[in-house]
Amino acid sequence: MNETTMLPFTHASFQQHLSAHRLMGSRCAACGAMHLPPRAICPACRSAQMTWVEFSGRGRLAGFTSVFIPPTVMAQAGYGRENPYLSGVVELEEGPKISARLLGLDAAHPEGISIGQPLVVDFIDQGDGEKRSTVLAFRPLS
Amino acid sequence: MPATRSLPRPVAIVAAGISKFGAFPGKSSRDLFVEAFLDMESSASKGMDARAIEALYLGNFSSELFEHQGHTAPLIAEAVGLTPIPAVRVEDACASGGVALRQGVMAVASGMYDVVLVGGAEKMTSLPTAEVTDALATAADTQYEIPAGFTFPGFYAAIATAYMHRYGMRPEHLMNVAIKNHENGALNPNAQFGVSISDWMQSRIAAAIKKGKPAPTWQNVWDFLHDDSANPMIAWPLRLFDCSPITDGAAALLLVSAERAADYTDHPIYIIGSGQASDVPLHGRSDLTTLSAARNAAQQAYQMAGVTPADIRFAEVHDCFTIAEIVATEDLGFFPPGDGYKMAEDGVTARNGAKPINVSGGLKSKGHPVGASGIAQAVEVFKQMHGLAGERQLKGDVSLALTHNVGATGSTCVVHIYERKN
Ligand SMILES: [Zn+2]
């Protein structure tokens, strides 16, 4: 048994998996429902018996935007009116959806991006040492 | 299907007031609430004695981030001279006002109180725009949504892309909502941007000529709205005129039991339906083109009121973004899914249409002081039902109305139905 399989079903654990480039959610041991983000309690059957499960990372674009007026943290990273970025909601092939950055698509011409676009998971590592963090992203499945 | 609930006893609005909405340096949320309170007192046709008020429920999203002031409700109560009544702050993001109203309704309906003040106040313009954006973002899921780069315009933009894909709507269709709501807001003296987009365009042209610059060549509002310099992209496909503004403002309502209503007015406005629901973050939903919390809250309110969507004469809905109004008119059952944008295009939701939506100008033109917006919607219902809406007064039957107030992307929605019985 991998030591990460003992982690509690929290955001901190999700981030710990993400920093190891693994997209991990929870699976209800009672009814089999898969949850992403991970949940401690299954809303389908109320069970609190969960196990960690790795998602395949393949999915499709369900909704998106190209952000031209960014929040402070993205503006500090150099994004803005002349350098927009894409955020989206991705439906995983296992069923659940998740919010993520979108890479490898043209943020300056979002009208060319299609709902249903096949995607595969990617990971944006930023910062070093204590400040290192990983952001969930997807890019076109080639 | 939620259980049908009923109020243990009837509750009526007998007075309603609103501050001017806009950007007011030097005015705090307390100062704005005083304006709304005085306007409310003057609206009670038989007069009112504020010493009868037994409790305050105040909608306020984030005085901590906007004004560096927590524990706001007792200070608001003090500002209008109501210490020591119980003062309760209610926070459900942009639905704080509508939820405060619902708390007030339950407090009177339960028999606990006979006379309750409900209000909303938000002071947003003291921060730079980027910090306001950051403050509003705390209403979303800061663990799983915000790290993906989403802003509030971005969330509603994602809803718009899913809607466009399913129903064939184009970004241009959204502009019909902005044009309509600014035309309505131009007739509302309390509105932040009380000017039609056409007049806005003309003033931009006049300003350019006055400064000796080349005059813009916009032939009509569509040219204007498609011009990146006049209507910049915020979060594709949403542009500046698809977004409600950052606003300072406050609003107030006096709720009383039916037995006490005649002390204040011969024409009480009864709250005959109230519903509220919550939902998961946007990415957790099976369908991005509808807000299930809105459908759930509306169903509760319709069942309590014993009315149908077709019975509603006019509605104030939560148009924080143009796409939000289109989705709202479908979630409330006014139009089938996928028809909302066509109804906006065909003028059905215009002031002289069959189903007037946001006659006040909506959040879009009137302004969106987030904690006050849900109360301001009810103030518009009161004014329309009392014939006090001036140039924007609806003609014909206004005896049954609805308000729809949303928190974040629909993690909260609260719906109320109002009736003037005589
Ligand atoms: Zn389960």
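For clarity, every value in this text was computed on a predicted model and none was experimentally measured. (Residues numbered from 1 in each chain as written. Chains lettered and ligands numbered in written order. Predicted model: local features only at pLDDT ≥ 70, side-chain atom pairs only at ≥ 80, totals over all residues. Heavy atoms only, no water.)

Residue and element names in this part refer to chain B. If you walk across this open sheet you meet the nine strands as 3-2-4-7-1-8-11-10-9, and the pairing is mixed. The open sheet has two edge strands with one neighbour each: strand 3 (87-90) and strand 9 (314-316). Within this sheet the neighbouring strands show an average axis-to-axis angle of 25 degrees, counted without direction. Bridge count for strand 1 (residues 11-18) against strand 7 (residues 249-257) is seven bridges, and the pairing is antiparallel. (Pairing = 2+ DSSP bridges. Helix = DSSP H or I, 4+ residues; strand = E, 2+ residues; numbered from the N terminus. Axes fitted to C-alpha atoms, helices over the stretch in contact; angles between N-to-C directions.)

To continue, consider the environment of methionine 169 of chain B. Residues and elements named next belong to chain B. With respect to the helices and strands, the residue methionine 169 is situated in the loop between helix 6 (152-167) and helix 7 (171-185). The buried category is assigned to methionine 169, whose relative accessible area is 3%. Separated by 44 residues in the primary sequence, methionine 169 and threonine 125 have C-alpha atoms spaced 34 Å apart. The contact partners of methionine 169, leaving out residues within four places of it in the chain, are Ala160, Tyr163, Met164, Leu174, Ile323, Ile326 and Tyr341. (Buried < 20%, exposed > 50% of the residue type's maximum accessible area, 1.4 Å probe, protein only. Contact = heavy atoms within 4.5 Å.)

What follows is about the side chain of glutamine 384 of chain B. If you trace the backbone, glutamine 384 of chain B turns up in helix 15 (residues 370-385). Setting aside its immediate chain neighbours within four residues, glutamine 384 of chain B contacts Phe314, Val359, Ala389, Arg392, Gln393, Leu394 and Val398 of chain B.

Residues and elements named next belong to chain A. Coordination of the zinc ion by the protein is provided by Cys28 (SG), Cys31 (SG), Cys42 (SG) and Cys45 (SG), with metal-donor distances spanning 2.3 to 2.4 Å. One way to put it: the four donor atoms around the zinc ion meet at angles of 97 to 115 degrees, and that makes the site tetrahedral. Coordination of the zinc ion draws on donor residues from a single chain, spaced C-x2-C-x10-C-x2-C in sequence. Note that cysteine 28 is positioned in strand 1 (residues 24-28) and cysteine 42 in the loop between strand 2 (34-35) and strand 3 (50-54), a separation of 14 residues in sequence. The residues cysteine 28 and cysteine 42 share a single accessibility class, namely buried. (Donors = N, O, S within 2.8 Å, 3.2 Å for Na, K, Ca; no water. Tetrahedral: all angles 85-135°; square planar, octahedral: opposite > 155°, others 65-115°.)

Residue and element names in this part refer to chain B. Two elements in contact, helix 7 and helix 12 (residues 322-331), have axes separated by 8 Å at closest approach and are oriented at 95 degrees. Viewed along their axes, helix 7 and helix 12 adopt a mutual orientation that is roughly perpendicular. For the pair formed by helix 7 and helix 12, the contact residues are Leu174, Val177, Ala178, Lys180 and Asn181 on the first element and Thr322, Ile323, Glu325 and Ile326 on the second. Its residues assigned to classes, the contact of helix 7 with helix 12 comprises five nonpolar, two polar and two charged. (Parallel < 35°, antiparallel > 145°, perpendicular 65-115°, else oblique. Nonpolar A, V, L, I, M, F, W, Y, C, P; charged D, E, K, R; others polar.)

With that out of the way, let us pick up the confidence of the model for chain B. This prediction gives chain B a mean pLDDT of 97; 100% of its residues lie at or above 70. Scored as a complex, the prediction yields pTM 0.97 and ipTM 0.96. (pLDDT = per-residue confidence, 0-100.)

Residue and element names in this part refer to chain B. Packing of helix 4 (residues 96-109) against helix 15 brings their axes to within 5 Å, and their N-to-C directions diverge by 60 degrees. By the angle class used here, helix 4 and helix 15 are oblique. When helix 4 is examined against helix 15, the residues Ser96, Gly97, Gly98 and Leu101 are found in contact with a partner set consisting of Gly371, Gly374, Ile375 and Ala378. Among the residues making up the contact of helix 4 with helix 15, the classes are represented as three nonpolar, five polar and no charged.

Judged by nonpolar contacts, the single largest core of 117 residues is most densely connected at Phe138 of chain A together with Ile53, Tyr156, Leu254, Ile323 and Ile417 of chain B. When residues of this core are assigned to their parent elements, the largest contribution, ten residues, is made by helix 6 of chain B. When residues are assigned to domains, this core turns out to be shared by domain 1 (3-54) and domain 2 (58-140) of chain A, each giving three or more. With residues near it in sequence (within four places) discarded, tyrosine 156 of chain B still touches Leu238, Cys320, Phe321, Ile323, Ala324, Val406, Ala408, Thr409 and Gly410 of chain B. Core analysis: the next-biggest nonpolar cluster, separate from the first, contains 38 residues, Val108, Val359, Val381 and Val398 of chain B among them. (Core = buried A, V, L, I, M, F, W, Y, C linked by side-chain atoms within 4.5 Å. Domains from an automatic or database assignment.)

This part is about the pattern of salt bridges. Residue and element names in this part refer to chain B. Throughout the structure, instances matching the rule amount to 25 salt bridges over all chains. Among the ionic pairs, arginine 260 bridges to aspartate 114, the shortest N-O distance being 3.7 Å. With arginine 260 in helix 10 (residues 258-261) and aspartate 114 in the loop between helix 4 and strand 4 (115-122), this residue pair connects regions lying 146 residues apart in the sequence. The exposure class of aspartate 114 is partly exposed, given its relative accessible area of 24%. Put simply, arginine 239 and aspartate 228 hold a salt bridge, and the shortest N to O gap is 2.6 Å. Remark: aspartate 228 occurs in the loop between helix 9 (221-226) and strand 5 (233-236) and arginine 239 occurs in strand 6 (residues 238-239); sequence separation between them is eleven residues. (Salt bridge = Lys/Arg side-chain N within 4 Å of Asp/Glu carboxyl O.)

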